[in-house]
Amino acid sequence: HQKRFIELTRLVQSTDVARFRRELPSYVDIDCFLRYVAATVMLASLDSFIGLPHNYYVYLDPLKDRFVILPWDLDHSFGGLMMFSSSSQMWDLSIRKPWLGRNPLVEKVLANPVWFAQYQMHLESLMSCGFVPERIKSDAEAVTKLVATAREKEKAAASKRGDGWALMPLNMLMARPPALDVFARQRVESVREQIEGKRPGTVMTGAFGGPPRQPSPPVPAQAAFRAADRDRDGKLTSAEAEAAARALFLACTQEGKGPLDEKSLTAGLERLWPKGGLFAPAP
């Protein structure tokens, strides 16, 4: 399995286009892969293989000896990953160039006219059966009603546990996505017009895939890294990590004497976050 996977990665990174198109079908179930890409693009699900990229497994089917992608963690589907992008940019996501950053596998597969036509057929099929705004609205209303009681119980339990603070910085960066049926209606219109050549679609090229725009607040992990990286060499040594941890402890306790509990940690983070990072450099 490992050897075959290594061979696949070498093929994907190869600059020989003819060889890539000739040999890829022996490694990847092309139709299965195109169905996955079509569904992911239709949902504008960028918290996925075509996006950040993560939330997938690569599985070698023992019967066909070919790889398939198994997706998981789809909570940011329907354009739900709103970091540094607007709802209009998400529902207008390009079907020709839907990936973020660099994704040689998707890029090379969709560059093949035959495979792109097949992928386009899967998009058409989705819009005529599963991805229908009226059906999505009806299903969403039914599910919302079904889980309403459980959601209220979980909300109360989370409040009692004090879980809310952990997501505060992330929520500050995330815009609220549109209703599912609104997104579906706009997405179908965009995809149809892209297929018909009436609109180009939005290619996500900026930070976290969004179009270039004004600087946004730093992502917590990035802010923490920058604050801890004292010599600004792009690397974090054990000494720098230890100094950052010590600085966080001092900021969240009374002169480093403790205690460090949920309340003091929350207060410390609330003091540090507006200053541009989760960790303040050690004095």
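Anything mentioned here points back to the structure above.
Definitions and cut-offs
- Residues numbered from 1 in each chain as written.
- Predicted model: local features only at pLDDT ≥ 70, side-chain atom pairs only at ≥ 80, totals over all residues.
- Heavy atoms only, no water.
- Pairing = 2+ DSSP bridges.
- Helix = DSSP H or I, 4+ residues; strand = E, 2+ residues; numbered from the N terminus.
- Buried < 20%, exposed > 50% of the residue type's maximum accessible area, 1.4 Å probe, protein only.
- Polar contact = N/O pair within 3.5 Å; in protein donor to acceptor, adjacent residues only side chain to side chain.
- Contact = heavy atoms within 4.5 Å.
- Salt bridge = Lys/Arg side-chain N within 4 Å of Asp/Glu carboxyl O.

A. Local environment of the pairing of strand S1 (residues 56-61). Both S1 and strand S2 (residues 66-71) contribute to a ladder of 6 bridges, which runs antiparallel. Along S2, the bridge assignment pairs aspartate 61 with arginine 66.

B. The side chain of serine 190, seen in detail. By the element assignment, serine 190 lies in helix H9 (residues 180-195). The buried category is assigned to serine 190, whose relative accessible area is 0%. Engagement of the side chain of serine 190 in a polar contact is seen with the side chain of aspartate 92, the distance being 2.7 Å. The residues touching serine 190, leaving out its near neighbours within four places in the chain, are Trp91, Asp92 and Arg199.

C. Layout of unusual backbone geometry. Residue proline 53 is reached from leucine 52 by a cis peptide bond, and omega for that bond is -5°. Positioned with a positive phi, asparagine 55 is a non-glycine residue whose angle comes to about 65°. Its location among the elements puts asparagine 55 in the loop between helix H3 (30-42) and S1. Of note in this structure, aspartate 65 is not a glycine but carries a positive phi near 55°. Mapped onto the elements, aspartate 65 comes out in the loop between S1 and S2.

D. A look at the pattern of salt bridges. Summed over all chains, the structure comprises 10 salt bridges. Here aspartate 29 and arginine 66 are joined by a salt bridge, their closest N and O atoms 3.9 Å apart. Of the two residues, aspartate 29 is situated in the loop between helix H2 (17-27) and H3 and arginine 66 in strand S2; the sequence distance between them amounts to 37 residues. Of the residues examined, aspartate 29 reaches a relative accessible area of 12% and is grouped as buried. The salt bridge involving arginine 192 is made with glutamate 124; its shortest N-O contact spans 3.7 Å. Residue arginine 192 is located in helix H9, and its partner glutamate 124 is located in helix H6 (residues 113-128); the two are separated by 68 residues in the primary sequence. Accessibility expressed as a relative area gives 33% for arginine 192, which makes it partly exposed. Through salt bridges with shared partners, one network takes in Arg19, Arg22 and Glu23.

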